[in-house]
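Chain by chain, the residues:
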Amino acid sequence: MSLTVILFYVMAALTLVSALFVASTGNLVRSVFMFFVTLFGLAGLYVFALADFVAITQIVIYVGGILVLILFAFMLSNKETLGRLQEKGQAFIGFNNLPSAILALLFFGVLVSMIFKVMPDQLEWIANSVANGNTFKATDTTTNNLGINLMTRYLLPFEAVSILLMMVLVGAAHLSRKESGA
Amino acid sequence: MISLTHFLITSAALFSIGLYMVVAKKNAIQVLIGIELILNAAILNLVAFGRYDKLNNNGQTFALFAIVLAAATTAVALAIILNVYRKYKTIEPDSINQLKD
């Protein structure tokens, strides 16, 4: 077992354990801060999939943007929700959450059995791309080609996303504005 | 080189945890975090398959788009949550039970 695989397991375990903690803890603040760890672990996993630029984007947008936004909303909104969450003193998975836990476990079983049936490493197009040398190597520079593709081949979705982002900016500002009338 | 199965199983586990959070949690912000987990599982799949497309960067490009869309979703959802809190003084999804005031 090479060092890469061991590091991958460490990173995956970090991600999954912190995600489990996020899901199981009763304390909302702790769950939000543990979500940081999950996102960093995911960025590490992206690096193992040889997608450096996506990993950095994940850190910048998710950790820098989304989590700060979540923290803001949470501090602006709920003082008494927080109190109620804490006084419940939940067990790891209480009786009320049993059906959802069963649902999630069954869904996980379905997904895993599907993955083992499909055998993704033996798919035809993947075998083709390995044969043609169309796969990333660990020593490749991945970002240059991504930038060129983003500006040529994927220009239309890029522009569509930028327009959507502007609409979202206006919409979110409009929604969260203090209403004087109406 | 880590096999694709490893990535897919990790992402399946993340998806299930997110599904559990969406169904079980009694707080809109935690439901939102669950949705983020599900989106991240999908992005992990895109990136893992994108390793086999060096020429066109399909997987990585759409992973980037998915990250941007997730950011947009979160911004609007949090604005809606703030509005709901202003009206109902709670963000528990079960207690929000009317469409008009």
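Only a predicted model underlies this, so the values are computations on that prediction, with no experimental measurement involved.

What counts as what
Residues numbered from 1 in each chain as written. Chains lettered and ligands numbered in written order. Predicted model: local features only at pLDDT ≥ 70, side-chain atom pairs only at ≥ 80, totals over all residues. Heavy atoms only, no water. Helix = DSSP H or I, 4+ residues; strand = E, 2+ residues; numbered from the N terminus. Rg over C-alpha atoms; globule rule 2.2 N^0.38 Å. Buried < 20%, exposed > 50% of the residue type's maximum accessible area, 1.4 Å probe, protein only. Contact = heavy atoms within 4.5 Å. Areas by Shrake-Rupley, 256 points an atom, 1.4 Å probe, with all protein chains shown as cover. Lys, Arg positive; Asp, Glu negative; His and termini not counted. Charge placed at Lys NZ, Arg CZ, Asp CG, Glu CD. Salt bridge = Lys/Arg side-chain N within 4 Å of Asp/Glu carboxyl O. Polar contact = N/O pair within 3.5 Å; in protein donor to acceptor, adjacent residues only side chain to side chain. Expected span 1.5 Å × (residues − 1). Nonpolar A, V, L, I, M, F, W, Y, C, P; charged D, E, K, R; others polar. Axes fitted to C-alpha atoms, helices over the stretch in contact; angles between N-to-C directions. Parallel < 35°, antiparallel > 145°, perpendicular 65-115°, else oblique. UniProt positions renumbered as here; feature names shortened; annotations may be inferred.

## Some words on the overall build of chain B
Move 1: Check the secondary structure of chain B and you find three helices and zero strands.
Move 2: The secondary structure elements of chain B, listed N-terminal to C-terminal, are α-α-α.
Move 3: Radius of gyration (C-alpha) of chain B: 17 Å, far over the 13 Å computed for a compact globule of 101 residues.
Move 4: Of all 101 residues assigned to chain B, the portion counted as buried reaches 59%.
Move 5: By sequence separation, contacts in chain B at least 24 residues apart represent 53% of the contacts at least 6 residues apart.
Move 6: A total of about 3700 Å² of accessible surface is found on chain B, and carbon and sulfur atoms cover 67% of it.
Move 7: The average position of the 8 basic charges and that of the 5 acidic charges among the side chains of chain B differ by 3 Å.

## Side note on the pattern of salt bridges
Move 1: One pass over the structure, following the stated rule, counts two salt bridges over all chains.
Move 2: Where Asp140 of chain A meets Lys54 of chain B, a salt bridge forms, and the shortest distance between an N and an O atom there is 3.0 Å. With Asp140 of chain A in the loop between α6 (124-131) and α7 (143-151) and Lys54 of chain B in the loop between α2 (28-50) and α3 (58-88), this pair bridges two chains.
Move 3: The salt bridge involving Lys26 of chain B is made with Asp94 of chain B; its shortest N-O contact spans 3.5 Å.

## Notes on the side chain of Asn134 of chain A
Move 1: Checked against the element boundaries, Asn134 of chain A lands in the loop between α6 and α7.
Move 2: Among the polar contacts listed, one links the side chain of Asn134 of chain A to the backbone nitrogen of Leu55 of chain B, at a separation of 3.0 Å.
Move 3: Residues in contact with Asn134 of chain A, not counting those within four places in the same chain, are Ser129 of chain A together with Arg51, Tyr52, Asp53, Lys54 and Leu55 of chain B.

## Remarks on α3 of chain B
Move 1: Helix length check: α3 of chain B, at 31 residues, gives a terminal C-alpha distance of 44 Å against a target of 45 Å (1.5 Å per residue), a fit within 8%.
Move 2: Remark: Lys89 of chain B follows α3 of chain B within two positions and exhibits a positive phi of approximately 60°.

## Some remarks on the interface of chain A and chain B
Move 1: Contact with chain A, which involves 81 residues of that partner, is made by 70 residues of chain B.
Move 2: For the pair chain A and chain B, the number of links is one salt bridge.
Move 3: Sorting elements by how many residues they give to the side of chain A that touches chain B places helix α3 (residues 52-77) of chain A first, with 13 residues.
Move 4: Classifying every residue of the side of chain A that touches chain B by side-chain character gives 56 nonpolar, 18 polar and seven charged.

## Describing the packing of helix α2 (residues 28-48) of chain A against α2 of chain B
Move 1: In the contact formed by α2 of chain A and α2 of chain B, the axes pass within 11 Å of each other and the chain directions differ by 5°. As far as their axial angle goes, α2 of chain B and α2 of chain A are roughly parallel. On α2 of chain B, the residues that touch Leu28, Ser31, Val32, Phe35, Thr38, Leu39, Leu42, Leu45 and Tyr46 of chain A of α2 of chain A are Gln30, Ile33, Glu36, Leu37, Asn40, Ile43, Leu44 and Val47 of chain B.
Move 2: Its residues assigned to classes, the contact of α2 of chain A with α2 of chain B comprises 12 nonpolar, four polar and one charged.

## Structural notes on the UniProt feature "transmembrane region" (unreviewed entry) in chain A
Residues and elements named next belong to chain A.
Move 1: Mapped onto this numbering, the UniProt entry gives "transmembrane region" (unreviewed entry) at residues 6-25, 32-49, 55-76, 97-116 and 154-175.
Move 2: Split by type, residues 55-76 is 100% helix and 0% strand. Its first and last C-alpha atoms lie 30 Å apart.
Move 3: As annotated, residues 154-175 has a helix share of 95% and a strand share of 0%, and its two end C-alpha atoms lie 31 Å apart.

## A closer look at unusual backbone geometry
Residues and elements named next belong to chain A.
Move 1: In the Ramachandran plot, Leu50 falls in the positive-phi region, its phi being about 60° despite a non-glycine side chain.
Move 2: By relative accessible area, Leu50 is classed as buried at 13%.
Move 3: The phi dihedral of Met119 is positive, around 50°, even though this residue is not glycine.

## Things to note about the packing of helix α1 (residues 3-24) of chain A against helix α1 (residues 4-24) of chain B
Move 1: Where α1 of chain A contacts α1 of chain B, the two axes come as close as 9 Å, and the packing angle between them is 5°. The angle between α1 of chain A and α1 of chain B falls in the class roughly parallel. The segment α1 of chain A lies against α1 of chain B, with Phe8, Tyr9, Ala12, Thr15, Leu16, Ala19, Leu20, Val22 and Ala23 of chain A engaging His6, Phe7, Thr10, Ala13, Leu14, Ile17, Tyr20 and Met21 of chain B.
Move 2: Its residues assigned to classes, the contact of α1 of chain A with α1 of chain B comprises 14 nonpolar, three polar and no charged.

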